[in-house]
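Listed here are the chains, written in short residue letters.
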Amino acid sequence: MKKIPVPAAATAAVAALALTGGSVGPAGAAQSAAPTVATAEDPVTHRDNNRVPKGAEWTQHYFPSSDGSGTELHADVLLPERLPQGEKVPVILSVGAYFGHSGELTDEKWKKTGPSARFKDLVEGGDLFDRGYALVQVDLRGFGGSSGCLDYMGKGEQADVKAAIDWAAKQPWSTGKVGMYGKSYDATTALVGNNLDQDALKAVVAQEPVWDMYRLTRSNRVPKLGGVLAPNTYNQIAQLPPLPDDQERYKRNNRYELKHPECTAYNTDNNLKPDPEDPYWRQRDLAKQAKGSDTPLFFTQGFIESNTKPEAMQEYLAGHQGTERGWLGQWDHVRGNERTEDGRLQMGRAGWFKEVMSFYDQHLKGIAPTTDYPAFAVQDSTGAWRSQDTWPLSDRSADVVLRDGSYVDQGEPGDSANFLTWSEPVERDIRITRTPRIEMDTEGSGNVMVKLYDVAQDGSAVMFDEQVAIVDASGHVAMDLKSTDWRLKAGHSLAVEIGTVYDGAWIDTPTGDRIKVTDARLGLSVDDPSDDQATEGKRSPYLDTYVKVYTKKKLATQPPSFTVPSARD
């Protein structure tokens, strides 16, 4: 998902895109009269349109979606330049909302049309065309040059993904082997591709995807701020204009949303549905749909992500039966190759494109890797990286009993806003991993927030996991928190806070009720870090920012009432 920018950030983003992608100035206008807009039969290269990557030939194509709806999809195809007649190449496919010719999120004021540079980093970092790959970027319905109503990863967009895989595999220049690539929304369509069980799809690379669309929008019926804003953002992207020199067919498809206002109304209204069991959300539960899937999968996930959080990740991976590769750690919504302004890798680990291309070479070309990459490279909260064969991996799982208490659902911090349960200090370093789960009996109605804190010996506490839910007449709450990989150092305690929602990430409706909580149990999985197998990587720069923002100088103390399960016998 795209982050929702404030106006100043949006202005800066447009400026940055203009600097790095660039509008074409007078020099471009002074070039020869050679065609600058590609068709299906007439390719265009960088020499005639500098929006085309060097070493590539750009063509444009249209084909129907697979659901019989009449929706027409648009694709920008980039083939290695001067590919010999009859030679075939494997395809890297990305299907998404951000490939419109006028811009990804906003109108970027391009002077001429051309393929999106969204994955310029992959093209250059992966040396894509010299290595003999095609890159195909397909607009989902309602975006760019595709017709139809946007569908927020529903059956319509799933049909688009299926059609795109089939189309890319059947082209005369294609070997029939397709790998999907993406970050955020187009990483999520890559997960959809895996779920569809298409024979032509041989590998998926997904950076920071959404594992279940409902949990991006709501937490156990409590709306998320980002989820409330997201429909309007995608409605705006769907209505980005074509460029003056775009093909008439592209322009006609692009204007579909403007001629059909019901599309954006449908997208907005349906995203307000609170029940995760509503048919609208059930068809978007990608984690459940992954059961039995087996496409080789390489993904990244930040445990402390502010956007596409690690919710339903464990469920998705449990259902997926194929080869898995992952980078997991303490970062925000970033790409594997992304760097800070001072040049540090945002994830802290080098070699993203080298590993990605090795993964594609193996599964799309049958070339054995020359480097023995770990199946999973995982960074815990100390910034240390380790390798392991699978994720999640833990030594022991157990429930701990929390103390009874009550709070007032007042929607803001205060003396009656929550209560805490503390553990005994841990005797040695121990890592909390997998997906913690809490259950409790309740009296009253309103909202509940659960937070987990790593409490140092001086009383300072870092909040490292949280979740919220509606408290209703059923008298029982059961919910997963986010997946985590957080190390408690020797002498530290685990504190569990239960109370009202006072975090701006959610839009709750406080009831003012005093809610009583009894028989609360927290399910924990723990791992012993002493036997970690170290692998290459540095501390993520974002980890320091996160710790600074989410540290309380002094957490209210309570006599310890439980012991964190030991990872050792």
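- If you check an unreviewed UniProt entry, the chain appears there as CocE/NonD family hydrolase from Streptomyces scabichelini.

**Section: the packing of helix α7 (residues 225-238) against helix α10 (residues 262-270)**
Part 1: Close contact between α7 and α10 brings their axes to 8 Å; oriented N to C, the two are set at 160°. The angle between α7 and α10 places the two elements in the roughly antiparallel class. For the pair α7 and α10, the sense of crossing is right-handed. Residues P231, Y234 and N235 of α7 form the contact with α10, whose participating residues are T264, N267 and T268.
Part 2: Its residues assigned to classes, the contact of α7 with α10 shows 2 nonpolar, 4 polar and no charged.

**Comments concerning the sheet that holds strand β16 (residues 418-422)**
Part 1: Strands sit in the order β16-β22-β18-β19-β25 across an open sheet of 5 strands; the sheet is antiparallel. In this open sheet, the two strands that pair with only one neighbour each are β16 and β25 (551-552).
Part 2: As judged from the 10 bridges shared by strand β18 (residues 446-455) and strand β19 (residues 461-471), these two strands associate in the antiparallel manner. Across the sheet, V455 pairs through a bridge with A461, a residue of β19.
Part 3: Along the sheet face, helix α15 (residues 541-549) touches β19 and β25 and points at about 70° away from the line of β19.

**Details of α15**
Part 1: Within the span of α15, buried status applies to P541, Y542, L543 and Y546.
Part 2: For α15, the elements touching its buried residues are β19 and β21 (486-488).

**Overview of the packing of aromatic side chains**
Part 1: Taken as a whole and assessed by the stated rule, the structure comprises 27 aromatic pairs.
Part 2: Aromatic pair Y185 and Y234: ring centres 5.1 Å apart, planes at 45°, arrangement tilted. One end of the pair, Y185, is in helix α5 (residues 185-196); the other, Y234, is in helix α7, with 49 residues separating them in the sequence. Both residues of the pair, Y185 and Y234, count as buried.
Part 3: Following the ring pairs from residue to residue traces out a cluster consisting of Y98, Y152, Y185, Y214, Y234, Y266, Y280 and W281.

What counts and how
Residues numbered from 1 in each chain as written. Predicted model: local features only at pLDDT ≥ 70, side-chain atom pairs only at ≥ 80, totals over all residues. Heavy atoms only, no water. Axes fitted to C-alpha atoms, helices over the stretch in contact; angles between N-to-C directions. Helix = DSSP H or I, 4+ residues; strand = E, 2+ residues; numbered from the N terminus. Parallel < 35°, antiparallel > 145°, perpendicular 65-115°, else oblique. Left-handed = near helix turned anticlockwise from the far one by under 90°. Contact = heavy atoms within 4.5 Å. Nonpolar A, V, L, I, M, F, W, Y, C, P; charged D, E, K, R; others polar. Pairing = 2+ DSSP bridges. Buried < 20%, exposed > 50% of the residue type's maximum accessible area, 1.4 Å probe, protein only. Phe/Tyr/Trp six-rings, centres within 6.5 Å; stacked < 30°, edge-to-face > 60°.

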